[in-house]
Amino acid sequence: WQTFFPCLQNPNSSLETLDISSTSIANEGATALGRSLVNNKTLTALNCYDISADGMPLITAYGWRSVFSCLQNKASAIRVVDLRFRSIDKGGLSVLANALAGNSTVNKLDLSYNPQIPATEWQLFFAC
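Enquirer: In this structure, what is going on with the overall build of the protein chain? I would like to understand it.
Expert: When helices and strands are counted, the protein chain shows 4 helices and 6 strands. Starting at the N terminus, the α and β elements of the protein chain follow one another as β-α-β-β-β-α-β-α-β-α. Taken over C-alpha atoms, the radius of gyration comes to 14 Å for the protein chain, in line with the 14 Å a tight globule of 128 residues would show. Once the C-alpha set of the protein chain is aligned to its principal axes, its extents read approximately 45 × 30 × 20 Å. Taken across its 128 residues, the protein chain has 41% of its residues classed as buried. Considering only contacts in the protein chain between residues 6 or more positions apart, those separated by 24 or more positions represent 82%. Accessible area for the protein chain stands at about 6700 Å²; split by element, carbon and sulfur atoms hold 52% of it. Considering the protein chain, the positive charge centre built from 9 side chains and the negative charge centre built from 9 side chains are found 8 Å apart.

Following this line, the structure appears as structure tokens:
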């Protein structure tokens, strides 16, 4: 991950979709991804579904905070975020809610099949 993600910082990058689904990226990789996406202006879709092991997400709120920081950048082009199939925990959901609060570009968000998140957390997320 440390080797690949810096290419996203290249101003000449034309990559529009990044799919890291069904990988074992975990927090270290998520932090590297987040650092690479902060100033990226070309990526429009981020697919991170099924990033889990034994039914539990591999990325915690710590890792998602780094990834979702790009959503707070006004220049971010990300419109689609896919986090289905046990990819995010309740801490990550809270971080996502905070990142989306000032975002005006994301227009498709898939959080389906994340049964590990309690109903009370969903209520807080949708109250934003």
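Enquirer: What's the story with the side chain of Asn47 in this structure? I'm lost.
Expert: If you trace the backbone, Asn47 turns up in strand β2 (residues 45–47). The residues touching Asn47, leaving out its near neighbours within four places in the chain, are Thr17, Leu18, Asp19, Ile20, Ser21 and Asp82.

Enquirer: Hey, could you run me through helix α1 (residues 26–37) in this one?
Expert: Count 3.6 residues to each turn of an α-helix, and residues three or four apart come out pointing the same way. Between its first and last C-alpha atoms α1 spans 16 Å; for 12 residues at 1.5 Å apiece the expected length is 16 Å, and the two agree. Looking at α1, one finds that the buried residues are Gly29, Ala30, Thr31, Ala32, Leu33, Gly34, Ser36 and Leu37. Packed against the buried residues of α1 are β1 (17–19), β2 and α2 (61–68).

Enquirer: What is the right way to read the sheet that holds β2 from this model?
Expert: Working definition: the strands of a sheet are paired by backbone hydrogen bonds and lie parallel or antiparallel to each other. Taken in spatial order, the 4 strands line up as β1-β2-β5-β6 in an open sheet, and their pairing is parallel. Only two strands of the sheet have a single partner each, and these edge strands are β1 and β6 (108–110). The average undirected angle you get between the axes of adjacent strands in this sheet is 0°. Alignment of β2 against strand β5 (residues 80–82), held across 3 bridges, turns out to be parallel. Bridging across to β5, Asn47 finds its partner in Asp82.

Conventions we followed
Residues numbered from 1 in each chain as written. Predicted model: local features only at pLDDT ≥ 70, side-chain atom pairs only at ≥ 80, totals over all residues. Heavy atoms only, no water. Helix = DSSP H or I, 4+ residues; strand = E, 2+ residues; numbered from the N terminus. Rg over C-alpha atoms; globule rule 2.2 N^0.38 Å. Buried < 20%, exposed > 50% of the residue type's maximum accessible area, 1.4 Å probe, protein only. Contact = heavy atoms within 4.5 Å. Areas by Shrake-Rupley, 256 points an atom, 1.4 Å probe, with all protein chains shown as cover. Lys, Arg positive; Asp, Glu negative; His and termini not counted. Charge placed at Lys NZ, Arg CZ, Asp CG, Glu CD. Expected span 1.5 Å × (residues − 1). Pairing = 2+ DSSP bridges. Axes fitted to C-alpha atoms, helices over the stretch in contact; angles between N-to-C directions.

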